Amino acid sequence: MNNYIEITIACADGDIAEVAMAYLADHPFESFDTEERAHDVLLRGYILESAWAECCAAARSVAEEYGHIVSEQVIESQNWNVAWESESFEPVYVDDTMLIRAQHHPAPPQGVVDIVVSPQMSFGSGHHQTTRMMCRLIAKYRVAGPALDLGCGTGVLSIAAIKCGAERVDAVDIDPWSTESATEAARLNGIEDRIDILLGTVERVAGRSYRLVMANINRNIILADIDSYVAALEGGGRLLVSGFLTADVEAITSAATARGLRLTEQSEEDGWVALAFVKS
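One structure accompanies this document, and this report is about it. All figures in this text were calculated on a predicted structure; none of them were measured in a lab. All residue numbers refer to positions counted from 1 along the written sequence of the respective chain. Totals for whole chains, interfaces and linings use every residue, but because this is a predicted model, local features are given only for residues with pLDDT of at least 70 and side-chain atom pairs only at 80 or more, for both listing and counting. With hydrogens and water set aside, each side-chain value is computed from the structure's full complement of heavy atoms.

**Examining the state of the cysteines**
- Note on disulfides: each one is a pair of cysteine sulfur atoms within 2.5 Å. A complete count under the given rule lists 0 disulfides for this structure.
- Here Cys 135 stays free of any disulfide, with the sulfur of Cys 164 as its closest cysteine sulfur at 8.2 Å.
- Here's how the labels work: a residue is buried when its accessible area is under 20% of the maximum for its type, exposed when over 50%, partly exposed in between, all with a 1.4 Å probe on protein chains only. Given the relative accessible area of 0%, Cys 135 is considered buried.

**A look at the sheet that holds strand 1 (residues 4-11)**
- Here 4 strands make up an open sheet; going across it, the order is 2-3-1-4 and the pairing antiparallel. Looking along the sheet, the strands with just one partner apiece sit at the ends: strand 2 (31-36) and strand 4 (68-75). For this sheet, the mean inter-axis angle between neighbouring strands, taken without regard to orientation, is 20 degrees.
- By definition, two strands form a pair when at least two bridges between them are found by DSSP. Each helix corresponds to a stretch of at least 4 residues labelled H or I by DSSP, and each strand to a stretch of at least 2 residues labelled E; elements are numbered beginning at the N terminus. Examined bridge by bridge, strand 1 and strand 3 (residues 41-48) share 8 bridges and lie antiparallel to one another. Pairing of Tyr 4 across the sheet is with Leu 48, part of strand 3.
- Only heavy atoms matter for contacts: two residues are in contact if any of them lie within 4.5 Å across the pair. Fitted lines through C-alpha atoms serve as axes, helices being fitted only where they are in contact, and the angles separating the N-to-C directions of these axes extend from 0 to 180 degrees. Lying over the sheet, helix 1 (residues 14-24) contacts strand 1, strand 2 and strand 3, oriented at roughly 15 degrees with respect to strand 3.

**What about unusual backbone geometry?**
- For Asp 96, which is not a glycine, the phi torsion comes out positive at approximately 60 degrees.
- Relative to the helices and strands, Asp 96 is located in the loop between strand 5 (92-94) and strand 6 (98-102).
- Looking at Asp 96, the relative accessible area reads 63%, which means it is exposed.
- Positive phi values are uncommon outside glycine, yet Asp 270 reaches one of about 55 degrees.
- Tracing the chain through its elements places Asp 270 in the loop between strand 13 (261-269) and strand 14 (272-279).
- A residue is classified by how much of its surface remains accessible, and Asp 270, at 55% relative accessible area, is exposed.

**With respect to the packing of aromatic side chains**
- Centre distance within 6.5 Å is the pairing criterion for rings of Phe, Tyr and Trp, where only the six-membered ring of Trp is used; planes under 30 degrees apart are then read as stacked, over 60 as edge-to-face, and the remainder as tilted. The full count for this structure, using the stated rule, is 4 aromatic pairs.
- Residues Tyr 23 and Tyr 66 carry aromatic rings whose centres are separated by 5.7 Å and whose planes lie at 15 degrees to one another, so their mutual orientation is stacked. With Tyr 23 in helix 1 and Tyr 66 in helix 2 (residues 49-66), the pair connects residues that are 43 residues apart, well separated along the chain.
- Geometrically, the ring pair formed by Phe 32 and Trp 272 is tilted, given 5.8 Å between the ring centres and 35 degrees between the ring planes. A residue pair is termed long-range when its members are at least 10 positions apart, and Phe 32 in strand 2 and Trp 272 in strand 14 qualify at 240 residues.
- What links up through ring pairs into an aromatic cluster is the set Phe 29, Phe 32, Trp 52 and Trp 272.

Honestly, that's just the spatial picture; any functional story needs more than this.
Below you can see the structure in the form of structure tokens.
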């Protein structure tokens, strides 16, 4: 199991927190969230403990420039379930057309895409802006055929893709806890026979082709692996990416268009961005 580091930074306001996130995103953080308080904003970043060892000095420097560090703590993999329960996880509606919920929550009305997630991780619960934006794009484009979900986490995007028309999904993540959680989520949604959950990187699916490629990761990984994304994408297929901030849009769009992709949509929520591309 891979442990995570949670670093909590107190910033004067939301704008400063957004700037801090932009600089922290230069390092391999997998997720951020913010909490508004009476007199400041708490910014939390989550990064694998193994990756933290290589960038902690630089990340702490960013934190002290734009606020002050409140805490750093190790979050052990086996404690994600406890964290989920202690946060009183609530179901998440995405534009009244999709519901992301735990098994103990009531099912939605007929016609609403129902996604049941396993309460084993806080990442990918649907509460984060990037997950919601990606779900909106999946529901809008409803791409048929095979799909690829990179950095699958709890499997929310894989499940959404299948329930919105994908024939099957290859779901890939470097974290064993994520692949276990996604496996359980696939069982809860009755799609075990339509999803292949793989431990590793995009190299695990080298040579395969897809109508839909989804990557809700971070800017650095997207830029490093975009050649593999394009190679995996069939002509006319769509690439959906998120996990990065407004300041990163130009770099990602330039890299994608230079490789023959055309930007079809950009959405933003609280400084986070999701982009949709189509392959000529």
